[in-house]
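Listed below are the residues making up each chain.
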Amino acid sequence: MVAVFNKDLLSWYLITLKLKETVDAGLQNAPTPTTSRSIEFPELPLLHKEQHQPSDSLKVTIEENAPILEEDPKSPESEWVISIKEKLEQAKQDNDAGSWAKLSIYRVPLSLRKDDDKAYIPQIVSLGPYHHGKRRLRNMDRHKWRAVYHILKRTNQEIKLYFDAVRELEEKARACYEGNITMSSNEFVEMMVLDTCFVLELFCGVAGGFKHLGYARNDPIFAMRGSMHSIQRDMIMIENQIPLFILDRLYGIQSEMPDEKGIVARLALRFFDPLMPTDEPLTQSDLNKFKSSMGRSASFDPLGDLGGLHCLDVFRRSLLQTGPKPTPRTWIKRWSHSNRVADKRRQQLIHCVSELKDAGVKFKKRKTDRFWDVKFQNGILKMPRLLIHDGTKSLFLNLIAFEQCHLDCTNDITSYVIFLDNLIDSPEDVSYLHYCGIIEHWLGNDAEVADLFNRLCQEVVFDINDSYLSQLSDQINRYYDHRWNAWRATLSHKYFNNPWAIISFIAAVILILFTFAQTFYGVYGYYRPPQ
């Protein structure tokens, strides 16, 4: 209802209502006009400040069903209905199969990044749209422009050539990123050219020398300095990737070899080599033995099938080199809700190192450059050496995130990390693996290594039956459950753990034998005295 506080105001309001009713009645009786006209109502007089004050003698109340002077909506549909239709239209576009087909560069899910968000966010340089324009990363833009300048100066090319090449691939490149990229076409193309030229300069500089590319020896970025390791760590992150076909196209323009494939992938492997979790190069003799045991060539081409998506994918492929990798047993590869969990604490592949050692399992370093290739035979667990440095945590987290997000991707890295997580429960486990030559780390102490592996897979969705290590884990568990192995290990640990214990045991056995012989001959002589 409406309250009116002045007689003059009430009079004008009633006159207006009467006039509106008269006009409406005339319009209903009149024929439908071909053109519409607006009707202007007399304006209400301006009120002085004192007219706004309420007065009991002037207060008049109008019922709720009194006509209200509101204009009818111009559109027959409300804004709410329009917004619903817009959302459905967006859902239709998002559901288009073509929009997901090329998706390969993902945003890390919140469930994975909540414990260590810093491992997924670049600290020095941004590549691609996800972290583009952030304040702490803008300082690198001037160095990116220097990279573009050096390329154009060396090749005597126009920058328009690079912009046109990226513009042709813009739609394909946008499809590689998750979600809607709000950047305009010009902004997106400029970012891609800038970031790609920067990456290519780093790749070529590490492979052939920055001085050869025209950079000063003391260059703050394009030189083998301390910041290079941090740049490498940023450039391997899943949210900080550039599609490989963009890198290939611009490198082809720069080198004037547009049809050559795989060069950028090999340059990337050379650039990211310091991040490799193994530094156990095989000698020629070991390599020949390895080839003969495989029965075929052990050479590896990370882009043999030309299917690389980006640098992180190429790096992962180089880790999982082709070889005799075990596969899960078919009889356990059935889906089970109890086995597919989102918390690694609810799953147990094998027992920890201390428990396995007590059960008689021995650990031995295996000579191979493939860190995931684990073998178990005759109670001996053979594992390649794993090198752990300050970038290992971020590397493994991004590899695991990629395996969790990308559909056409196995969970081999995740399986290996969870296997190590089960092996390592305490600093003592790390110390023993280090003693066996299996783990080499550059961290502060063994406790940091144990904490690293215990935190890597806390929120990872993982099916233990779909792991390539499931069969090996089952063999270890069956060996662990055999009581004779545990008894034999206990005897070895307690009585044969050092040379003096062995000598004492042998002396005790000899003494027992002599005592037994003396007793035997004494009894024998008593019952059968010599004639």
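Residues numbered from 1 in each chain as written. Predicted model: local features only at pLDDT ≥ 70, side-chain atom pairs only at ≥ 80, totals over all residues. Heavy atoms only, no water.

Observations concerning the overall build of the chain
Threshold: The helix and strand labels rest on DSSP assignments: H or I over at least four residues marks a helix, E over at least two residues marks a strand, and numbering proceeds from the N terminus. To sort residues, take the accessible area from a 1.4 Å probe on protein chains only and compare it with the maximum for the residue type: under 20% means buried, over 50% means exposed, and anything in between is partly exposed. We call two residues in contact whenever any of their non-hydrogen atoms come within 4.5 Å of each other. Every accessible area reported is derived by Shrake-Rupley at a probe size of 1.4 Å, with residue values counting cover from the shown protein chains alone.
Assigned secondary structure in the chain consists of 22 helices and 9 strands. For the chain, buried positions account for 42% of its 531 residues. Of the contacts formed within the chain by residues at least 6 apart in sequence, a portion of 75% connects residues at least 24 apart. Roughly 31700 Å² of accessible area belongs to the chain as shown, and the carbon and sulfur atoms make up 54% of that amount.

Remarks on the nonpolar core
Worth spelling out the cut-off: Buried Ala, Val, Leu, Ile, Met, Phe, Trp, Tyr and Cys residues form a nonpolar core when they are joined through side-chain atoms within 4.5 Å.
By size, the foremost hydrophobic cluster in this structure holds 121 residues, and its most contacted members are Phe203, Met235, Phe272, Phe363, Leu381, Phe419 and Leu423. Of the residues forming this core, the biggest block, 14 residues, is contributed by helix α8 (residues 185-208). If we skip the residues at most four places from it in the chain, phenylalanine 272 touches Phe203, Gln232, Met235, Ile236, Cys311 and Phe315.

A look at the environment of leucine 386
Topologically, leucine 386 is positioned in strand β7 (residues 386-388). Overall, leucine 386 belongs to the buried group, its relative accessible area being 1%. Expressed as a C-alpha distance, the spacing of leucine 386 and histidine 434, which sit 48 residues apart in the sequence, is 9.6 Å. The residues touching leucine 386, leaving out its near neighbours within four places in the chain, are Pro277, Phe371, Phe396, Tyr416, Leu420, Ile438, Ile439, Glu440 and Phe453.

Topic: the pattern of salt bridges
Convention followed: Whenever Lys or Arg places a side-chain nitrogen within 4 Å of a carboxyl oxygen from Asp or Glu, that contact is recorded as a salt bridge.
Evaluation of the coordinates by the stated rule reveals 14 salt bridges. Of the charged contacts, one joins arginine 113 and glutamate 239 as a salt bridge, the two residues approaching to 2.7 Å between their closest N and O atoms. With a gap of 126 residues between them, arginine 113 in helix α4 (residues 110-113) and glutamate 239 in the loop between α10 (227-235) and α11 (244-255) connect regions that are remote in the sequence. Taking the relative accessible area as the measure of exposure, arginine 113 reaches 12% and is therefore buried.

Focus: α11
Just so we agree on the cut-off: Helices are assigned an expected span. That span is 1.5 Å times one less than the residue count.
Under the 1.5 Å per step criterion, the end-to-end length of α11 is 16 Å for 12 residues, consistent within 8% with the ideal 16 Å. When you tally the buried positions in α11, you get 9 out of 12 residues, the bulk of the element. Listed in full, the buried residues belonging to α11 are Leu244, Ile246, Leu247, Asp248, Leu250, Tyr251, Gly252, Ile253 and Gln254. Looking at the buried positions of α11, the neighbouring elements they touch are α5 (141-155), α6 (159-168), α7 (170-174), α8, α12 (263-271) and α14 (311-319). Positive phi shows up at glutamate 256, right after α11, with a value of about 60°.

Focus on the packing of α5 against α8
Convention followed: Axes, fitted as lines to C-alpha atoms, cover a helix only where it is in contact. Angles between the N-to-C directions of the axes lie from 0 to 180 degrees. Here is the rule for angles: anything less than 35 degrees is roughly parallel, anything more than 145 is roughly antiparallel, 65 through 115 is roughly perpendicular, and the remaining ranges are oblique. In this classification, Asp, Glu, Lys and Arg are treated as charged, Ala, Val, Leu, Ile, Met, Phe, Trp, Tyr, Cys and Pro as nonpolar, and every other residue, Gly included, as polar.
At a minimum axis distance of 8 Å, the contact between α5 and α8 shows a crossing angle of 75°. The orientation of α5 relative to α8 falls into the category roughly perpendicular. Taken together, the residues of α8 that come into contact with α5 (itself represented by His143, Lys144, Trp145, Ala147, Val148, His150, Ile151 and Arg154) are Glu190, Leu194, Asp195, Cys197, Phe198 and Glu201. For the contact of α5 with α8, the class distribution of residues is 7 nonpolar, 2 polar and 5 charged.

Examining the packing of aromatic side chains
Short version of the rule: Only Phe, Tyr and Trp rings are paired, with Trp represented by its six-membered ring, and only when their centres lie within 6.5 Å; those with planes under 30 degrees apart are stacked, over 60 edge-to-face, the remainder tilted.
Counting across every chain of the model gives 13 aromatic pairs. Arranged with centres 5.2 Å apart and planes meeting at 50°, the rings of phenylalanine 203 and phenylalanine 271 form a pair that is tilted. Of this pair, phenylalanine 203 sits in helix α8 while phenylalanine 271 sits in helix α12, placing them 68 residues apart in sequence. Taking relative accessible area as the criterion, phenylalanine 271 reaches 0% and is therefore assigned buried.

Let's talk about the confidence of the model for the chain
Quick reminder of the rule: The pLDDT score gives, residue by residue, the confidence of the prediction method on a 0 to 100 scale.
For the chain, mean pLDDT is 77; residues scoring 70 or higher make up 69% of the total. Predicted confidence is poor over residues 32-72, with pLDDT under 50, and the contacts of this stretch with residues over four places away or in other chains come to 37 contacts. pLDDT under 50 marks residues 302-306. Its contacts with residues more than four places away, or in other chains, come to 9 contacts.

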